[in-house]
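# Structure at a glance
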Amino acid sequence: MNPKVDKTKLNHAELYANLLDGNKQFVEDALSVDPEYFETLAKGQAPPVLWIGCADSRVPANQITNTAPGEIFVHRNIANMVIHTDMNMLSVLDYAVNVLKVKHVIVTGHYGCGGIAAAMGNEQFGLIDNWLRHIKDVYRLHAQKLDAVTDIEERRDKLVEYNVIEGVRNLCKTSIVQNAWKSGQQLGIHGWVYSLKTGIISDMKVSTYNNEHIDNVFRLI
Ligand SMILES: [Zn+2]
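Predicted model only: the values in this text are computed from it and were never measured.

### A few points about the side chain of H110
Turning to its location among the elements, H110 is positioned in strand β3 (residues 104-110). By relative accessible area, which is 1% here, H110 ends up buried. Setting aside anything within four residues of it in sequence, one finds H110 in contact with C54, D56, R58, V59, N80, V160, V193, Y194 and L196.

### Thoughts on the pairing of β3
Within β3, 6 of the 7 residues are buried, leaving the element largely enclosed by the surrounding structure. Sheet topology note: the strand β1 (residues 49-54)/β3 ladder contains 5 bridges and is parallel. Its bridge partner lying in β3, I52 is registered against V107. Bridge count for β3 against strand β4 (residues 188-194) is 7 bridges, and the pairing is parallel. Paired with H104 across the bridge in β4 is G188.

### Some words on the packing of aromatic side chains
Under the defined criterion, the tally for this structure stands at 4 aromatic pairs. Between F26 and F38, the ring centres sit 5.7 Å apart and the planes meet at 75°, which makes this aromatic pair edge-to-face. A residue pair is termed long-range when its members are at least 10 positions apart, and F26 in helix α1 (residues 12-33) and F38 in helix α2 (residues 37-42) qualify at 12 residues. Take F26: its relative accessible area is 33%, and that puts it in the partly exposed class. You can call F38 partly exposed: its relative accessible area is 29%. On the basis of an interplanar angle of 85° and a centroid distance of 5.0 Å, the ring pair of Y37 and F38 is categorised as edge-to-face. Three or more aromatic residues link up through ring pairs in this structure, and these residues are F26, Y37 and F38. For K158, the ring lying beneath its charged end belongs to Y162, and the centroid distance is 6.0 Å.

### Focus: the nonpolar core
Membership of the largest hydrophobic core comes to 47 residues, with the highest contact counts inside it found for L50, L93, V105, L171, L187 and I189. At the level of secondary structure, the elements contributing two or more residues to this core comprise β1, α4 (87-99), β3, α5 (114-120), α6 (128-141), α8 (152-173), α9 (175-182) and β4. Contacts of I189, omitting those with residues within four sequence positions, involve V105, V168, L171, C172, V177, W181, V206, S207 and T208. Core analysis: the next-biggest nonpolar cluster, separate from the first, contains 8 residues, V59, A61, I64 and I72 among them.

Conventions adopted
Residues numbered from 1 in each chain as written. Predicted model: local features only at pLDDT ≥ 70, side-chain atom pairs only at ≥ 80, totals over all residues. Heavy atoms only, no water. Helix = DSSP H or I, 4+ residues; strand = E, 2+ residues; numbered from the N terminus. Buried < 20%, exposed > 50% of the residue type's maximum accessible area, 1.4 Å probe, protein only. Contact = heavy atoms within 4.5 Å. Pairing = 2+ DSSP bridges. Phe/Tyr/Trp six-rings, centres within 6.5 Å; stacked < 30°, edge-to-face > 60°. Lys NZ or Arg CZ within 6 Å of the ring centre and 35° of its normal. Core = buried A, V, L, I, M, F, W, Y, C linked by side-chain atoms within 4.5 Å.

And the structure:
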C-alpha cells in the first residue's frame, strides 16, 4: 500500500509483512475519510453488479471502474470463462441474481490475456490445459474468422473478444438468467474487454436483456 516501498527489493518475509502493513494503512486512510466506514459496510451488501473477470492481477474490478468495496460482486478465474458446469461460477451467479438481485452481469476479458495466448498454442502447461480446452472450443466456433487474421497478436485480441462474447451467450443460456428474465427481473448481461496498455474498457455491444436471441434449443420455458 505504501507507494514509497520498492516491492521488488523486498525479501520473502518482508513481502508478506508488507501486506499487513498495507492493511493498517488502508484502515487508517478509510477511517480518516469516514470514521464509520467499516461499521456501515459491515451492515450488509447490495451490489448492483456481478463481475466475471480474469484472475490476472492487473485487472481488478473496483480500481478500473473507479468503484468502492460494496459496489461489485466479483467472480474471477483464468481467462474469465463462463462454463455452464462450473459450480463455483453457477453458485456465484445464483447468489448474485437471486439473493443480491444484481441489475447487471458483466463478463470482462482483457487484451494480452495469458490464458488466451496459451489456449491458442499447442504447448502443454499441465492441469490448466483442461481448463484452457474451453477457450479452444471458442476458437473452433470462430475458426474461420480467426484463421484469416495473420498477425498473431491481433488474432489473440480477436479471440479475447470472442471469448467474452461466448461468455455472455453462455450466461444467457443458464437457467438462472433465463428464470430471472421470466420472472420479470430487470437484468442485463454484458461483455467488456479491458486494455492493459491504455486502461480503457471497450464495450463489445452484446448486451442482452431477454432470451429472444438465444438459439431455440437453449431456450427454457
Ligand atoms: Zn487474463
